[in-house]
Amino acid sequence: MTTFWDNHYATPRADPRANVRLTEVVADLEPGTALDLGSGAGGDTLWLARRGWRVTAADISGVAIARLAEVSRELGLGDRATAERHDLASTFPAGRFDLVSAHYLHTPFALPRARVLRQAAHALSPGGRLLVVDHGSVVPWSWDQDARFASAEEVARSLELDPGEWTVERADALSRRATGPGGQVADVVDHLLLIRRAQ
């Protein structure tokens, strides 16, 4: 599994971009501590760090983590972005966070997603938010054309969180225009789940 993701990130990408759903949800929040689960090329981590967040980036790929650490230093963000290698099936970053972001945490390999996202909810500081953005439709360039994606409501139920402590603030299906690795364009659906921990 690690080799698969290391190979995926082996080719350098120019200026990784933040996911649009992150920028929409987080733009008006007061910066604090953040955890970027499955940080990949690091676009979300860098976007958050540039806006004053102190970010822990976690990914299974050592290649992605090493590159993100290097780019963070080059951009003068090394004091606000920490990159850690984690196989979330067995290890989870330490600490408490005002924001935990998990974008497209899908993999062709076994991953106890509900358990990982439940850990993420428990890692929130009081008043903190868990943002989960999943694919809601299959794009023409996907490696899994037969994929079926749970709705935001289904993901929320799978976490089995105490409603007295965690509140679902949003559970939406949102459309956007996506561009594939070869320049292909398609309309896609994102499932967005936003959960807040009680103060």
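Rules used in this analysis
Residues numbered from 1 in each chain as written. Predicted model: local features only at pLDDT ≥ 70, side-chain atom pairs only at ≥ 80, totals over all residues. Heavy atoms only, no water. Helix = DSSP H or I, 4+ residues; strand = E, 2+ residues; numbered from the N terminus. Rg over C-alpha atoms; globule rule 2.2 N^0.38 Å. Buried < 20%, exposed > 50% of the residue type's maximum accessible area, 1.4 Å probe, protein only. Core = buried A, V, L, I, M, F, W, Y, C linked by side-chain atoms within 4.5 Å. Contact = heavy atoms within 4.5 Å. Pairing = 2+ DSSP bridges. Axes fitted to C-alpha atoms, helices over the stretch in contact; angles between N-to-C directions. Parallel < 35°, antiparallel > 145°, perpendicular 65-115°, else oblique. Polar contact = N/O pair within 3.5 Å; in protein donor to acceptor, adjacent residues only side chain to side chain. Salt bridge = Lys/Arg side-chain N within 4 Å of Asp/Glu carboxyl O.

### Describing the overall build of the protein chain
Looking only at helices and strands, the protein chain features six helices and seven strands. Taken from the N to the C terminus, the helices and strands of the protein chain come in the order α-α-β-α-β-α-β-β-α-β-α-β-β. For 199 residues, the compact-globule estimate of 2.2 N^0.38 gives 16 Å, and the C-alpha radius of gyration of the protein chain, at 16 Å, lies within 12% of that figure. In terms of overall dimensions, the protein chain has a C-alpha envelope of 45 × 40 × 35 Å along the principal axes. Expressed as a percentage of the 199 residues in the protein chain, the buried residues total 43%.

### Some details on the nonpolar core
A general tendency of soluble globular proteins is for nonpolar side chains to be buried together. Membership of the largest hydrophobic core comes to 25 residues, with the highest contact counts inside it found for Leu-37, Phe-92, Val-100 and Leu-130. Looking at this core, the elements that each hand over two or more residues are β1 (33-37), β4 (97-103), α5 (113-122), β5 (124-135), α6 (152-159) and β7 (185-197). Setting aside residues up to four positions removed in sequence, Leu-37 forms contacts with Ala-58, Leu-88, Phe-92, Pro-93, Val-100, Ser-101, Ala-102, His-103, Leu-105, Val-116 and Ala-120. Formed by 20 residues, the second largest nonpolar core is a distinct cluster that contains Val-25, Leu-48, Val-133 and Leu-192.

### Some details on the sheet that holds strand β3 (residues 81-85)
Here seven strands make up an open sheet; going across it, the order is β3-β2-β1-β4-β5-β7-β6 and the pairing mixed. The open sheet terminates on both sides in strands that have one partner only, identified here as β3 and β6 (166-179). Between one strand and the next, the sheet's axes are offset by a mean angle of 15 degrees, whatever the strand orientation. Relative to strand β2 (residues 54-59), β1 runs parallel, the two sharing five bridges.

### Description of the environment of Tyr-104
Positionally, Tyr-104 belongs in the loop between β4 and α5. Exposure remark for Tyr-104: the relative accessible area of 17% places this residue in the buried category. For Tyr-104 and Ser-39, which are 65 residues apart along the polypeptide, the C-alpha to C-alpha distance reads 9.9 Å. Residues contacting Tyr-104, with those up to four places away along its chain left out, are Asn-19, Val-133, Asp-134, His-135, Arg-176 and Asp-190.

### Digging into the environment of Arg-113
With respect to the helices and strands, the residue Arg-113 is situated in helix α5. For the pair Arg-113 and Val-155, spaced 42 residues apart in sequence, the C-alpha separation works out to 9.3 Å.

### Remarks on the packing of α5 against α6
When two helices pack together, their arrangement is given by the angle between the helix axes and the distance between those axes. At a minimum axis distance of 9 Å, the contact between α5 and α6 shows a crossing angle of 75 degrees. Accordingly, the angle class assigned to the pair α5 and α6 is roughly perpendicular. Note on element contacts: α6 touches α5 through Val-155, Ser-158 and Leu-159, opposite Arg-113, Ala-114, Leu-117 and Arg-118.

### So, the side chain of Arg-197
Structurally, Arg-197 can be placed in strand β7. A polar side-chain atom of Arg-197 sits 2.8 Å from the main-chain carbonyl oxygen of Leu-124. Ignoring any residue separated from it by four or fewer positions in sequence, one finds Arg-197 in contact with Arg-96, Ala-121, His-122, Leu-124, Ser-125, Pro-126, Gly-127, Gly-128, Glu-165 and Trp-166.

### Topic: the environment of Ala-147
With respect to the helices and strands, the residue Ala-147 is situated in the loop between β5 and α6. Each C-alpha atom, one on Ala-147 and one on Gly-43, is 25 Å from the other, the two residues being 104 residues apart in sequence.

### Focus on the pattern of salt bridges
Scanning the entire structure with this criterion turns up nine salt bridges. Connected through salt bridges with shared partners, the residues Arg-21, Glu-24, Arg-176 and Asp-190 form a single ionic network.

### Notes on helix α3 (residues 43-50)
Counting buried positions over the eight residues of α3 gives seven, a clear majority of the element. Buried within α3 we find Gly-43, Asp-44, Thr-45, Leu-46, Trp-47, Leu-48 and Ala-49. Packed against the buried residues of α3 are α2 (20-26), β1, β2, α4 (62-74), β3 and β4. Taken from the residues just after α3, Gly-52 is the one with a positive phi, measuring 100 degrees.

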